[in-house]
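The lines below spell out each chain.
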Amino acid sequence: MMQVCVVWLIGGFVYYGITLSAGSISKEIHLNMFLMGLVEIPAYVLSRYLADTAGRKSSYISLTLLAAFFCLVSWSYPRKGGRLLFALVGKIFASGAFSLVWMWSPEIFPTGARSLTTAIGSQAARVGSILAPYVVVLMSEMESTVDGSGVSHPPLPQPIFAAVGCISALVACFLPETVGVEMI
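Residues numbered from 1 in each chain as written. Predicted model: local features only at pLDDT ≥ 70, side-chain atom pairs only at ≥ 80, totals over all residues. Heavy atoms only, no water.

A. Examining the overall build of the protein chain more closely. Per the secondary structure count, the protein chain includes 8 helices and 2 strands. Ordered by position in the sequence, the α and β elements of the protein chain form the string α-α-α-α-α-α-α-β-β-α. Residues classed as buried in the protein chain amount to 48% of the 184 residues present. Of the contacts formed within the protein chain by residues at least 6 apart in sequence, a portion of 78% connects residues at least 24 apart. Carbon and sulfur atoms make up 72% of the accessible area of the protein chain, which totals about 9100 Å². (Helix = DSSP H or I, 4+ residues; strand = E, 2+ residues; numbered from the N terminus. Buried < 20%, exposed > 50% of the residue type's maximum accessible area, 1.4 Å probe, protein only. Contact = heavy atoms within 4.5 Å. Areas by Shrake-Rupley, 256 points an atom, 1.4 Å probe, with all protein chains shown as cover.)

Here it is, written out as structure tokens:
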């Protein structure tokens, strides 16, 4: 149960963190938020398809690692337009991974405990979603850094979301696959 709660907590943290950091990626916050919402449509279609074809576990791990990768790319890209594009792609994968948690975690437990374990996991996700804005605000108030090649890197929270997403993928490796398994 602890592993499932960690996956839920980090899923909520990364999902809401990427969404809330949209304002720090580009200046047009209304367009950013519209696009962040729009990319959820293909994310849900993609995650459902992958869950049924490749399995819940491998799909979750893949989507989470891809979200982490695109978080890092959006952070390191030198121009704001590219940052928004890569953040949107990362949001697609983060949304897909978080939607898989809703599908996968109840299947891990017996029928009598599914609603309770889903509720506990959902509460863990709320803790992650409460922590995400604090990371976004704290990071946005820090100063930019300049690397050796003279490229300025703003202290966006994407590297933190990427690192935590990788931890979630690692924890998910220890959870069982549920596709094709008879439910008890």
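B. Fine view of the side chain of T178. Structurally, T178 can be placed in the segment after α8 (158-172). Accessibility expressed as a relative area gives 7% for T178, which makes it buried. In terms of polar contacts, T178 uses its side chain to reach the side chain of E107, at 2.5 Å. (Polar contact = N/O pair within 3.5 Å; in protein donor to acceptor, adjacent residues only side chain to side chain.)

C. Inspection of the environment of I184 at higher detail. Following the sequence through the fold, I184 ends up in the segment after α8. Of the residues examined, I184 reaches a relative accessible area of 68% and is grouped as exposed. When the C-alpha atoms of I184 and T111 are compared, they prove to be 6.1 Å apart, with 73 residues separating the residues in sequence.

D. Broad picture of α8. In a regular helix each residue adds 1.5 Å, so 15 residues correspond to 21 Å; α8 covers 21 Å between its end C-alpha atoms and thus fits that length. Residues Q158, F161, A162, G165, S168, A169, V171 and A172 constitute the buried set of α8. (Expected span 1.5 Å × (residues − 1).)

E. Representation of the packing of aromatic side chains in the model. Per the stated rule, a full pass over the model turns up 9 aromatic pairs. Between Y15 and Y16, the ring centres sit 4.8 Å apart and the planes meet at 90 degrees, which makes this aromatic pair edge-to-face. Exposure remark for Y15: the relative accessible area of 11% places this residue in the buried category. One aromatic cluster in this structure is built from W8, Y15, Y16, F98 and W102. Residue placement shows K91 over the ring face of Y15; its charged tip is 4.8 Å from the ring centre. (Phe/Tyr/Trp six-rings, centres within 6.5 Å; stacked < 30°, edge-to-face > 60°. Lys NZ or Arg CZ within 6 Å of the ring centre and 35° of its normal.)

F. Spatial organisation of the state of the cysteines. Counted under the stated rule, the structure contains 0 disulfides. C71 provides the cysteine sulfur closest to C166, a residue in no disulfide bond, and the two sulfurs are 9.5 Å apart. Judged by relative accessible area, which is 37%, C166 ranks as partly exposed. (Disulfide = S-S within 2.5 Å.)

G. Quick look at the nonpolar core. Core analysis: the largest hydrophobic core is formed by 45 residues, its most contacted members being V7, W8, V14, I18, Y60 and F161. Residue assignment for this core shows that the elements contributing at least two residues are α1 (2-20), α4 (40-53), α5 (56-76), α6 (80-108), α7 (114-140) and α8. Residues contacting F161, with those up to four places away along its chain left out, are F13, V14, G17, I18, C71, A132, V135 and V136. (Core = buried A, V, L, I, M, F, W, Y, C linked by side-chain atoms within 4.5 Å.)

H. Quick peek at the packing of helix α3 (residues 29-38) against α4. The geometry of α3 relative to α4 is characterised by a closest axis approach of 5 Å and an angle of 20 degrees between their N-to-C directions. If you check the angle between α3 and α4, you find them roughly parallel. Of the residues in α4, those touching α3 at M36, G37 and L38 are E40, I41 and P42. Grouping the constituent residues of the contact of α3 with α4 by class yields 4 nonpolar, 1 polar and 1 charged. (Axes fitted to C-alpha atoms, helices over the stretch in contact; angles between N-to-C directions. Parallel < 35°, antiparallel > 145°, perpendicular 65-115°, else oblique. Nonpolar A, V, L, I, M, F, W, Y, C, P; charged D, E, K, R; others polar.)

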